[in-house]
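Letter by letter, the chains look like this.
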Amino acid sequence: MNRAAPAPLANMGEPVPRVDARQKVTGEARYASDFPAGNMAYAYLVTSSIALGSITRMNLEEARGVPGVLEIFTHENTGELKPLKYSAGGGGPSTSMQDLGPKIHHDGQIVAMVVADTFEAAQEAAGLVKIQYQSEQPSATFDSPGVTEEDASKASERAKHLPQAGDALTALVDADATIDVKYGTPTQHHNAIELFTTTCVWRDGELTVFEPSQFVYGLKAGLAQTLGIPSDKVRVISPFVGGAFGSKAQVTPRSPLVALAAKKLNRPVKLVLTRDQGFTVSTYRAETRHRIRMGANRDGKIASFIHEGWEVTSRPDPYSVSGVEDSARLYGFGAVKTQVQIVHADRNTPGFMRSPPVVPYIYALESAMDELAAELDMDPVELRRVNDSMQDATGKPWSSRSLMKCYDQAAERFGWKHRDSKPGSMRDGDWLIGWGCASAVYPTHVGAATARVRLQANGEAHVQIAAHEIGVGVRTVVAQTVAEQLDIPVSAVEVETGDSAFPPAPVAGGSNQTASCCSVVIKACEAIKARLSAPVSTVGSGSGGGGNTLEDQFKRLGVGAIEEYAEYLPPGGKPDTIKKLYGGTPFLGGGSQGEKLMYALGAEFVEVRIHALTREIRVPRMVGAFAAGRIVNPRTARSQYLGGMIWGVSSALHEATEIDPRNARYVNDNLADYMIPVNADIADVDIILVSEQDDFVNPAGVKGIGELANVGTAAAVANAVYHATGVRVRELPIRLEKLLAV
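Below you will find a few notes about this structure. Here the structure is a predicted model, which means the values were calculated and not measured. Note on numbering: residues in each chain are counted from 1, in written sequence order. Local features in a predicted model are, by the rule used here, given only for residues with pLDDT of at least 70; side-chain atom pairs are given and counted only at 80 or more, and totals for whole chains, interfaces and linings are based on all residues. To obtain the side-chain values, all non-hydrogen atoms of the structure were used and water was disregarded.

1. Some details on helix α7 (residues 216-227)
And then number 1: Segments assigned H or I by DSSP are reported as helices when at least four residues long, segments assigned E as strands when at least two residues long, and all are numbered from the N terminus. Expected span of a helix: the number of residues minus one, times 1.5 Å. With twelve residues, α7 extends 16 Å between its outermost C-alpha atoms, agreeing within 8% with the 16 Å of an ideal straight helix rising 1.5 Å per residue.
And then number 2: Most of α7 sits out of view: eleven of its twelve residues are buried.
And then number 3: Whether a residue is buried, partly exposed or exposed follows from its accessible area with a 1.4 Å probe, protein chains only, as a fraction of its type maximum: under 20%, in between, or over 50%, in that order. Regarding α7, the residues found buried are Val216, Tyr217, Gly218, Leu219, Lys220, Ala221, Gly222, Leu223, Ala224, Thr226 and Leu227.

The following block contains the structure:
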């Protein structure tokens, strides 16, 4: 055991290395673009140079003259593709070339695709496509002329019943101490290292697609619908995904376009987007604004919590995350009022990005908690302790809640008791020192799932499940679960994922994969154990043998292997939920749904150092303590928490997609100008795994962790910046120019 592989505490599995680690580090692991196909053709996209208007003329002659060009696809020859419908994950009709015709809804919209014998020829020809536009003035973002607002509760299914409790406005007026503050978060893009890519191969009327996907069954169904063919004629293969964070969870317009090209040309076609094209062809985290009003008694008990949110979306689509669903439940508020407005602008549709609802909304809440603590002259940790509660303002109870346990362990490790509460009071030479804290919270989702497990007489097991290895280690935790259930070594378990030929699992989003996949394989393993222990008369004639070894049990049954298929349906699922899962519609329960609140929790403490003259900001150390039910593998869990907190620093100090307000265009659409942390930005990150048991959440007792740790970090950093300088920066990211300007 070491820091990277923490020793397991109660209700934790062993920190075994990833079962696919060797494949990944040696290059043996195949990602979507690594699969070969004979006689491959290569595609290159042409995207719009305006954000609003229409195409008046396309001149393709010079492009067609490039040697090796096979075809150029535009809205004029792709009409046979069926409309790509908007879904809650984003990426809807605002980017579907064949649906829009000459209409342009956002900058960087797909307007053509060149296919050639070589990538170089396709790229050259794409640069020679001449397009004339009738341009209109676009609306870029908040406060731009022409944007329109819409009540999210009337436009978005997920926002229909936002939490409300009591008379929050009256309670605010009657409170001893109040705050009324506004916050903002910017557009951010996923920028996974693996670019967006699609390869399509037709054979005997059947389509095979190699594409990085967080939901192969969803991609399979979407392609079938768009192409107008039965879904059993489509197979999606995606064994490894090189980063996704929400950007590869939905069907995007590029996939059916590549499939159509491959069919018409009767040869495989591969498309790999450029980095800048990924900014507009796929989704992103929408920028948000928040107004929070809170009123508290002198003892710190919060009597009123009012959270209003505004989110940018595209012109045609009502995408919304409505994170008040979580912010309004985190503490025992006396009364609650929430509202969310979506702001339609001339942009591509946003989508899920790691911890989509809670990152912006909990940033606002946890910053406001720090401001309320300052107003009350109260320690920020104690303010949270006073408002810690086993039920929310509506009276709904928590299945388990270890928030203050996390705070106590993290505060002790961090040395919080040595903090001087006065802003600007802690200093080391020219460096101002600030300490801040914040809560992390993420809903515990669990999805409908299926799996096939086969146990052989020699003690080897084989698992097939169409889950997704997006970097979190799903193969490893599934292998550990099967090994534990069947009492065999982890090395004896082979797990296959990422193929729509396997039984379906839910989308790899909402941090549900470990809970969902482990729950269903537990069910399959229980069925195998039941067959092993059943009397011979109930399973057929055996061949004798009275021993208790696995080999003896198989001999007694007279078989060489036992295979079981299992289905897991979480509470709230309907009788047709599994059928819908096979059809590409996932079901996720948990979180604030159901009879109890199911959430993972954590506490994060951050130290910042800010140079008194230059206002350079450094983060020398962070401590995070997290409680998430059963931890199947402390090694992979720590890795997820570590990455989440680093992402939180990125969100606090670095990341923002810059938008040209005149042309509604992304300016820094590359990794040179899009700021993210490097090694020099991250020093010591200390992770504490807090032991917790929750048998209510799912059969595996697992709460999601992948999206938890980056939730509170930005607020903790912002609160530390205030403690160091006395300056509140409420608009992320916090950069030195914002401190110099004060």
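2. Looking at the packing of helix α11 (residues 358-376) against helix α20 (residues 713-725)
And then number 1: Each axis is a line fitted through C-alpha atoms, taken for helices only over the stretch in contact, and angles between the N-to-C directions span 0 to 180 degrees. Relative orientation of the contacting elements α11 and α20 amounts to 30°, with a least axis distance of 8 Å. Judged by the inter-axis angle, α11 sits roughly parallel to α20. In the packing of α11 onto α20, the handedness of the crossing is right-handed. Residue-level contacts link Tyr363, Glu366, Ser367, Asp370 and Ala374 of α11 to Ala714, Ala715, Ala718, Asn719 and Tyr722 of α20.
And then number 2: Following the grouping adopted for this structure description, the nonpolar residues are Ala, Val, Leu, Ile, Met, Phe, Trp, Tyr, Cys and Pro, the charged ones are Asp, Glu, Lys and Arg, and the polar ones are all others, Gly among them. When its residues are assigned to classes, the contact of α11 with α20 shows six nonpolar, two polar and two charged. Oblique is the label for any angle not covered by the other classes, which are roughly parallel (under 35 degrees), roughly antiparallel (over 145) and roughly perpendicular (65 to 115). In a left-handed crossing the near helix is turned counterclockwise from the far helix by less than a right angle, and in a right-handed crossing that turn is clockwise. Any two residues whose heavy atoms approach within 4.5 Å are treated as being in contact.

3. Considerations on the packing of aromatic side chains
Geometrically, a pair of aromatic rings is defined through the distance of the ring centres and the angle of the planes.
And then number 1: Stacked, edge-to-face and tilted labels apply to pairs of Phe, Tyr and Trp rings (six-membered ring for Trp) whose centres lie within 6.5 Å, assigned for plane angles under 30 degrees, over 60, and everything in between, in that order. Applying the stated rule across the entire model yields 18 aromatic pairs.
And then number 2: A ring pair is formed by Phe245 and Trp647, whose centres lie 4.9 Å apart and whose planes are at 90°; its orientation type is edge-to-face. Of this pair, Phe245 sits in the loop between β11 (234-237) and α8 (254-265) while Trp647 sits in helix α19 (residues 634-653); the two residues are 402 residues apart in sequence, bridging distant segments of the chain.
And then number 3: Taken together, a centroid distance of 5.8 Å and an interplanar angle of 80° make the contact between Tyr407 and Phe605 edge-to-face. With Tyr407 in helix α13 (residues 403-414) and Phe605 in strand β24 (residues 599-611), the pair connects residues that are 198 residues apart, well separated along the chain. Each member of the pair Tyr407 and Phe605 is classed as buried.
And then number 4: Ring-pair connections join several aromatic residues into one group, and the members of that group are Tyr407, Phe414, Trp416, Trp435 and Phe605.
And then number 5: We note Arg401 situated over the ring of Trp398; from NZ or CZ to the ring centre the distance is 4.5 Å.
And then number 6: We call a charge positioned above a ring when the Lys NZ or Arg CZ atom is no farther than 6 Å from the ring centre and deviates by at most 35 degrees from the ring normal. The positively charged end of Lys596 is found above the aromatic ring belonging to Phe696, 4.7 Å away from the centroid.

4. Focus on the sheet that holds strand β6 (residues 130-135)
And then number 1: One open sheet holds the three strands; their spatial order is β4-β2-β6, and the pairing between them is antiparallel. For this open sheet the edge positions go to β4 (103-104) and β6, each flanked by a neighbour on one side alone.
And then number 2: In short, DSSP must find at least two bridges between two strands for them to pair. Here strand β2 (residues 53-59) runs beside β6; their pairing, made up of six bridges, is antiparallel. The partner of Ser54 across the bridge, within β6, is Gln134.

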